[in-house]
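Structural features, examined
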Amino acid sequence: MKLVDLLTKFDYEVIQGERNIEISHLQYDSRNVAAGDVFVCIQGAGFDGHQFVRDVYQKGASAVVVMKETEMPEGLTVIRVQDTRYALACMSADYFDNPAEKMTTIGITGTKGKTTTAYMVRSVLESIGMKTGLIGTIETIIGDTAIPSKNTTPESFLVQKSFAEMVKAGCKCVVMEVSSQGLKQDRVSGFTFDYGIFTNLEPDHIGPNEHKDFQEYLQCKKKLFSQCKHGIVNMDADYVDEILEGHTCDLETYGVHGDYDFIAKNIRLFQKPGSLGVAYDLDGKLQFPVEIHVPGDFNVYNSLCAIAICSHFTTNPEIIRNALMDIRVKGRVEIVPISKRFTLMIDYAHNAMSLESLLESLREFQPKRLVTLFGCGGNRSKDRRYEMGEVSSRLSDLTIVTSDNPRFEEPMDIIQDILTGVQKADGRYVTIPDRKEAIRYSILNAEDGDVIVLAGKGHEDYQEIKGVKYPMDERVLIAEIIQEDAVKKIL
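Now for a quick tour of the structure.

The rules behind the values
Residues numbered from 1 in each chain as written. Predicted model: local features only at pLDDT ≥ 70, side-chain atom pairs only at ≥ 80, totals over all residues. Heavy atoms only, no water. Helix = DSSP H or I, 4+ residues; strand = E, 2+ residues; numbered from the N terminus. Rg over C-alpha atoms; globule rule 2.2 N^0.38 Å. Buried < 20%, exposed > 50% of the residue type's maximum accessible area, 1.4 Å probe, protein only. Contact = heavy atoms within 4.5 Å. Areas by Shrake-Rupley, 256 points an atom, 1.4 Å probe, with all protein chains shown as cover. Lys, Arg positive; Asp, Glu negative; His and termini not counted. Charge placed at Lys NZ, Arg CZ, Asp CG, Glu CD. Pairing = 2+ DSSP bridges. Disulfide = S-S within 2.5 Å. Arc of directions from axis to C-beta. Axes fitted to C-alpha atoms, helices over the stretch in contact; angles between N-to-C directions. Parallel < 35°, antiparallel > 145°, perpendicular 65-115°, else oblique. Nonpolar A, V, L, I, M, F, W, Y, C, P; charged D, E, K, R; others polar. Salt bridge = Lys/Arg side-chain N within 4 Å of Asp/Glu carboxyl O. Phe/Tyr/Trp six-rings, centres within 6.5 Å; stacked < 30°, edge-to-face > 60°. Lys NZ or Arg CZ within 6 Å of the ring centre and 35° of its normal.

**Looking at the overall build of the protein chain**
Each helix and strand counted, the protein chain has 15 helices and 24 strands in total. Taken over the C-alpha trace, the protein chain has a radius of gyration of 24 Å; the compact-globule value for 491 residues is 23 Å, and the two agree within 12%. Reported as C-alpha extents along the three principal axes, the dimensions of the protein chain are approximately 75 × 55 × 40 Å. Sorting the 491 residues of the protein chain into buried and exposed places 58% on the buried side. Counted over contacts in the protein chain with a minimum sequence separation of 6, partners at least 24 positions apart contribute 65%. Accessible surface for the protein chain amounts to roughly 20500 Å². Of this, 46% is attributable to carbon and sulfur atoms. Separation of charge centres in the protein chain, based on 55 positive and 72 negative side chains, amounts to 4 Å.

The following block contains the structure:
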């Protein structure tokens, strides 16, 4: 492969050397560089690839791509670009022979709902015989292989590599979560999405390593609608006008409170032993009854979005209805059916906004009691602890404060911060630092008609303490607990 063949999608300047040289591999991690490779110097929160130019030269790199002035060894081809992250995305697409052009690509952005909607879409597409890959917060699915995720949206090289593996595995579609960071850092540049989806937008991910303010967060989200052919948007969402400003795609709409392309009418909740769900009548471009066995008004929107996307692949209502009815997403209002007396669920809600949305939705089912068990991560904002404590105390009948990922903090220090927020409202609470013991307490003390939420961990299967990740999956903990004689008697 010639270097020049990877420089087709952006402007560049040859500072020294020749662009027609043969290269072996494309690299962005200096540790992986070998003889004949081209190395792209990207910059992150705690590193700068430009610092490793001499190192990769000594390893035999043939070329480097830079965006700042850097001392360059003689004999090294140097390509200068305006933005090396954008260059990496474009080069990666060419390096893997543009796999996005060989599948239908679906990108979902928004503050909430990305994960659930992605799984809903994949479920429907798979049910109509379209093999579909997935890239998201929980995992990347390529054919029959699932790989746990480190980032919601991986680095652009890994996105293109996954696309290429999906094509090889026979995938006809890919649905992926597109984070604001992914858009900010051009991880999904180098190709155009066939479908771009907007679920909602609320203040979140504001911090020194994410976005400096809400406006930047919004501007990053809206980039998707100049990088897709067809947009599908939640018109009931706040900031939707700002998100769509300057869009270059066709548009399709969904929601509850307007005359949209896909509308949910006559929304109603239902309960079954140990289970909660929501149903509605779909109107607009398609008309049929919808029933989903996961609770929450937000799942009305998630399912509407999935229907809007999938309507481009099938208009058979039975296929869509059946696929949505069977949806289960790990760690997203995931009901664990252990008893008909009460409902136990696991959810990833790990900030005040998501916890409040979840608890308000569950309140609508009028449970005997709403019990919330959660902790907060160490080495993170204390404000999150105060806010989650106050939200849980205000909306729950009982809050069980426990540990999450303490990281390098003492668990009891984190718990004390949470209790500061809990005590601002009037809900009952108990403190049980050991998470397994806290879960055992919630089950042993459950009352008929209770809804118990284990919040914060969701799909995670570990607990991080002092830099070490120890295995801890709440599903495993629950399975161990319900085998105990004392628990068996009350289930």
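Now, onward.
**Quick notes on the pairing of strand β15 (residues 275–284)**
Within β15, seven of the 10 residues are buried, which leaves it mostly tucked inside the rest of the structure. Note: strand β14 (residues 262–272) against β15, nine bridges, orientation antiparallel. By the bridge assignment, lysine 272 is partnered in β15 with serine 275. Taking the residues between adjacent antiparallel strands as the criterion, β14 and β15 are bridged by two residues, where glycine 274 takes a positive phi near 75 degrees. One ladder, built from five bridges, connects β15 with strand β16 (residues 288–292); its direction is antiparallel. Residue pairing for β16: valine 278 is matched across the bridge by isoleucine 292. If you look at the hairpin formed by β15 and β16, you'll find three residues sitting between the two strands.

**Let's talk about the side chain of glutamate 460**
With respect to the helices and strands, glutamate 460 occurs in the loop between β22 (451–455) and β23 (462–465). Discounting chain neighbours no more than four positions away, the residues touching glutamate 460 are Tyr348, Asp404, Asn405, Met472, Asp473 and Arg475.

**Notes on the state of the cysteines**
Under the definition given, this model contains zero disulfides. Unpaired in terms of disulfides, cysteine 173 finds its nearest cysteine sulfur in cysteine 171, a separation of 8.7 Å. For cysteine 220, which is in no disulfide, the shortest distance to another cysteine sulfur is to cysteine 228 and amounts to 16 Å. By relative accessible area, which is 6% here, cysteine 220 ends up buried.

**Some points on the environment of leucine 158**
Within the secondary structure, leucine 158 sits in helix α4 (residues 156–168). Between the C-alpha atoms of leucine 158 and isoleucine 443, which are 285 residues apart in sequence, the distance is 42 Å.

**Thoughts on helix α14 (residues 474–481)**
What α14 keeps buried is the set Glu474, Arg475, Leu477, Ile478 and Ile481. Projection of α14 onto a plane perpendicular to its axis shows the buried side chains occupying an angular sector of 160 degrees, all on one side. Turning to α14, the residues buried within the fold contact β17 (334–335), β18 (343–347), α13 (435–444), β22 and α15 (485–488).

**Things to note about the sheet that holds strand β21 (residues 428–431)**
The six strands are arranged β17-β18-β22-β19-β20-β21 in an open sheet whose pairing can be described as mixed. This sheet does not close on itself; its edge strands, each paired only once, are β17 and β21. With five bridges joining them, β18 and β22 adopt parallel strand pairing. Across the sheet, the residue bridging to leucine 344 is isoleucine 452, located in β22. Contacts from helix α12 (residues 411–422) reach β19 (370–374), β20 (398–401) and β21 within the one sheet, and its direction differs from that of β20 by about 165 degrees.

**With respect to the packing of helix α10 (residues 352–363) against helix α11 (residues 382–395)**
Two elements in contact, α10 and α11, have axes whose closest approach is 9 Å; the angle formed by their N-to-C orientations is 10 degrees. If you check the angle between α10 and α11, you find them roughly parallel. Of the residues in α11, those touching α10 at Ala352, Leu355, Glu356, Leu359, Glu360 and Arg363 are Glu387, Met388, Val391, Ser392, Arg394 and Leu395. A per-class count over the contact of α10 with α11 returns six nonpolar, one polar and five charged.

**Describing the pattern of salt bridges**
Summed over all chains, the structure comprises 40 salt bridges. For the salt bridge of arginine 31 with aspartate 29, the shortest nitrogen-to-oxygen distance reads 2.8 Å. A residue is classified by how much of its surface remains accessible, and arginine 31, at 67% relative accessible area, is exposed. In this structure, the salt-bridge partner of arginine 435 is glutamate 474, at a minimum N-O distance of 2.7 Å. Taken as a pair, arginine 435 in helix α13 and glutamate 474 in helix α14 lie far apart in primary sequence, 39 residues in all. When salt bridges that share partners are traced, they join Lys330, Glu334, Asp473 and Arg475 into one network.

**Overview of the environment of glycine 389**
Relative to the helices and strands, glycine 389 is located in helix α11. Sequence separation between glycine 389 and isoleucine 418 is 29 residues, and the spatial gap between their C-alpha atoms is 5.0 Å. Not counting residues within four places of it along the chain, the set of residues in contact with glycine 389 comprises Phe374, Ile418, Gly421 and Val422.

**Regarding the environment of glutamate 71**
Secondary-structure assignment places glutamate 71 in the loop between β4 (63–66) and β5 (77–80). The exposure class of glutamate 71 is exposed, given its relative accessible area of 66%. Taking the C-alpha atoms as reference, glutamate 71 lies 52 Å from glutamate 356; in sequence the two are 285 residues apart. Sequence-distant contacts of glutamate 71, that is, excluding residues within four places in its chain, are made with Val53 and Arg54.

**Comments concerning the sheet that holds strand β3 (residues 38–40)**
Taking strand neighbours across the sheet as the criterion, the five strands line up as β1-β5-β4-β3-β2 in an open arrangement whose pairing is mixed. Looking at the sheet topology across the chains shown, the edges are occupied by β1 (13–16) and β2 (26–27).

**Quick look at the packing of aromatic side chains**
Counting across every chain of the model gives 10 aromatic pairs. On the basis of an interplanar angle of 70 degrees and a centroid distance of 6.2 Å, the ring pair of phenylalanine 10 and tyrosine 12 is categorised as edge-to-face. On the basis of relative accessible area, phenylalanine 10 is assigned to the buried category, the value being 10%. Assessed through its relative accessible area of 25%, tyrosine 12 is described here as partly exposed. Centroid distance tyrosine 28 to phenylalanine 157: 5.7 Å. Interplanar angle 50 degrees. Geometry classified as tilted. Taken together, the residues tyrosine 28 in the loop between β2 and β3 and phenylalanine 157 in helix α4 connect sequence positions 129 residues apart. Classification of tyrosine 28 as partly exposed rests on a relative accessible area of 23%. By relative accessible area, which is 12% here, phenylalanine 157 ends up buried. Taken together, the ring pairs connect Tyr28, Tyr95, Phe96 and Phe157 into an aromatic cluster. Residue placement shows lysine 457 over the ring face of tyrosine 462; its charged tip is 5.0 Å from the ring centre.

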